[in-house]
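Listed here are the chains, written in short residue letters.
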Amino acid sequence: MKLETNFIMELIETVDPVKTVGNKLLELWMNIAEEENEIIKYYYKGEEKIRDFEEFVLKSYWEFYDFLAKACSKEKDVFQLYLDATIVIMDGMSIRESVLLFKLLKDKGYNVKHKLNFSAIPSDTEFFREKINKSMSDFSQINNPENIRLTGDEKFIWSYFPDVMLDKIKIGHTVISSLEEMYKVIEKIVLEILAKIRAERIVISSDHGYIRTEAGFVFSVPEQAKRKLQQIFGSKRYVKMNDLDVKYLKDEGYIKEFNGYYLAKSRYLWPVPGKYSTYIHGGLSLMECFVPVLEVEK
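Moving on to the pairing of strand E11 (residues 290–297). With seven of its eight residues buried, E11 lies for the most part within the structure. Pairing of strand E2 (residues 111–118) with E11, which is carried by eight bridges, proceeds in the antiparallel orientation. Bridge assignment links Lys-113 to a residue of E11, and that residue is Glu-295. Where strand E5 (residues 201–205) lies against E11, five bridges are found, and the strand directions are antiparallel. When the bridges of E11 are listed, Ile-202 appears paired with Val-296.

What follows is the structure, given as structure tokens:
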């Protein structure tokens, strides 16, 4: 993809490359949402553009992933940033979905802002919960979109959607209808929360995003790297830093080590035996680690 000269110059000159890349990532998705009214065209056209954008970042600015990992580790979470708001965590929701929600809520007359924050490292729910230092008992939980029980006074809400849907979508199943269905469930849950919660300010965020594993959306690796990644990681995108032979993978730039873990970097992916998830997370990539923050005022 062609990037504007002013963005490239800003990336070269900035003291905060993570903010610069994050803002561009969000801008790209916003532009695609304005161009495409059909959800499926939005998802596919957006994924193609973001894949190319991440390839540009990966090849031209290899240090960026070090900065991204540090931002994930050090930046304040939404619970520290929004002490006066009701906070909703949509498990596994990515910027793809939040941009569609942003557009919908604006059309419905809400005062809404779209910002970004970061997942934990690894980009997985378990590590996010450790980062925010809260147990699930602190949250009102939504595990059935057809039966959302809220009093209206909730402070913290955790929706298990869309992640439980993402986990069930496997290679070989219909991706198109599943994506549409997934977004419709997210939309239903968010609109019902906004209708029921009495707080004037509601912040909707996520614990992590995800990458798509279909051909054309990931970066392939040569045979030697594929075998090594299969041996070390299996079907996961992170493993503990034990006594593992990862020198080749580190030297070739396929993984990063951070916070006691080896993380698959960017959109590098390798095949695993059997059916595997179409949408995965846990590594260090733009769409896993940048998470959306929607500030909604009634």
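This paragraph deals with unusual backbone geometry. Between Ile-121 and Pro-122 the backbone carries a cis peptide bond, its omega angle lying at -5 degrees. Position of Pro-122 among the secondary structure elements: in the loop between E2 and helix H7 (125–132). Along the chain, Phe-161 connects to Pro-162 via a cis peptide bond; the corresponding omega equals 15 degrees. When you line up the elements, Pro-162 lands in the loop between strand E4 (156–159) and helix H8 (163–168). Its identity as a non-glycine residue notwithstanding, Asn-133 has a phi of 55 degrees, on the positive side. Counting through the fold element by element, Asn-133 comes out in the loop between H7 and strand E3 (140–142). Despite not being glycine, Ser-266 has its phi angle at roughly 55 degrees, a positive value. Within the secondary structure, Ser-266 sits in the loop between strand E9 (261–264) and strand E10 (279–280).

Turning next to the sheet that holds strand E7 (residues 238–240). Strand order across the open sheet formed by three strands is E7-E9-E8, with antiparallel pairing between neighbours. Looking along the sheet, the strands with just one partner apiece sit at the ends: E7 and strand E8 (255–258). The mean inter-strand angle of the sheet, taken between neighbouring strand axes irrespective of direction, is 20 degrees. Note: E8 against E9, four bridges, orientation antiparallel. Of the residues in E9, the one forming a bridge with Ile-255 is Ala-264.

This next bit is on the environment of Leu-194. Turning to its location among the elements, Leu-194 is positioned in helix H9 (residues 175–196). Taking the relative accessible area as the measure of exposure, Leu-194 reaches 2% and is therefore buried. Put simply, Leu-194 and Gly-109 are 85 residues apart on the chain and 12 Å apart in space, counted from C-alpha to C-alpha. Apart from residues lying up to four places away in sequence, Leu-194 is in contact with Leu-105, Tyr-110, Ile-202, Val-296 and Lys-298.

Moving on, we get to the environment of Asn-259. Turning to its location among the elements, Asn-259 is positioned in the loop between E8 and E9. Under the relative-accessibility criterion, Asn-259 is labelled exposed at 52%. Remark: the alpha-carbon pair of Asn-259 and Arg-198, spanning 61 residues in sequence, is separated by 39 Å. Side-chain polar atoms of Asn-259 contact the backbone oxygen of Ile-121, separated by 3.4 Å.

Attention now moves to the nonpolar core. Residues Phe-64, Leu-68 and Phe-290 are the most contacted members of the largest nonpolar core, which totals 102 residues. Counting residues per element, this core draws most heavily on H9, at nine residues. When near neighbours in sequence (up to four residues on either side) are disregarded, Leu-68 contacts Val-18, Phe-118, Leu-284, Ser-285, Leu-286, Cys-289 and Phe-290.

A separate point is the sheet that holds E2. Adjacent strands of a sheet pair through backbone hydrogen bonds, lying either parallel or antiparallel. Here six strands make up an open sheet; going across it, the order is E2-E11-E5-E1-E4-E3 and the pairing mixed. Both edges of this open sheet fall to E2 and E3, since each of them pairs with a single strand only. Ignoring which end each strand starts from, the neighbouring axes of this sheet average 20 degrees apart. In this sheet, E4 lies alongside E3 in parallel orientation, the contact comprising three bridges. Residue pairing in the sheet places Ser-140 in a bridge with Ile-157 of E4.

This part covers the packing of helix H1 (residues 5–13) against helix H2 (residues 17–35). For the pair H1 and H2, the least separation of the axes is 8 Å and the interaxial angle reads 155 degrees. Looking at the two axes, H1 sits roughly antiparallel to H2. Crossing geometry of H1 relative to H2 is assigned as left-handed. For the pair H1 and H2, the contacting residues are Phe-7, Glu-10 and Leu-11 in the first and Pro-17, Thr-20, Val-21 and Lys-24 in the second.

In this section: helix H10 (residues 223–233). Those residues of H10 not exposed but buried are Ala-225, Lys-228, Leu-229, Ile-232 and Phe-233. Mapping the buried residues of H10 onto a view down its axis gives an arc of 100 degrees, with all of them on the same face. One or two residues past the end of H10 sits Gly-234, with phi positive at roughly 65 degrees.

Conventions we followed
Residue positions are counted from 1 within each chain, in the order its sequence is given. Since the coordinates come from a predicted model, pLDDT governs what is reported: local features require at least 70, and pairs of side-chain atoms require 80 or more to be given and counted, while whole-chain, interface and lining totals use all residues. Side-chain measures here rest on the full set of heavy atoms in the structure, leaving out hydrogens and waters. Relative accessibility decides the category of a residue: with a 1.4 Å probe and only protein chains considered, values under 20% of the type maximum give buried, values over 50% give exposed, and everything between is partly exposed. Helix and strand definitions here come from DSSP, where helices need a minimum of 4 consecutive H or I residues and strands a minimum of 2 consecutive E residues; each element is numbered from the N-terminal end. Strand pairing requires that DSSP identify at least two bridges connecting the strands. To obtain each axis, a line is fitted to C-alpha atoms, and for helices this fit is confined to the stretch in contact; angles are then taken between N-to-C directions over 0 to 180 degrees. Working rule for contacts: check all heavy atoms of both residues, and any pair within 4.5 Å makes them a contact. Any pair of N or O atoms that falls within 3.5 Å is considered a polar contact. Within protein, one atom must be able to donate a hydrogen and the other to accept it, and sequence-neighbouring residues count only if both atoms are side-chain atoms. We define a nonpolar core as any set of buried Ala, Val, Leu, Ile, Met, Phe, Trp, Tyr and Cys residues linked to one another through side-chain atoms lying within 4.5 Å. Working rule for angles: under 35 degrees goes down as roughly parallel, over 145 as roughly antiparallel, 65 to 115 as roughly perpendicular, anything else as oblique. Crossing handedness is read from the near helix: turned anticlockwise from the far helix by less than a right angle, it gives a left-handed crossing, and turned clockwise, a right-handed one. What the arc covers is the set of directions going from the helix axis to the C-beta atoms.

Function cannot be inferred from these measures alone, as they are strictly geometric.
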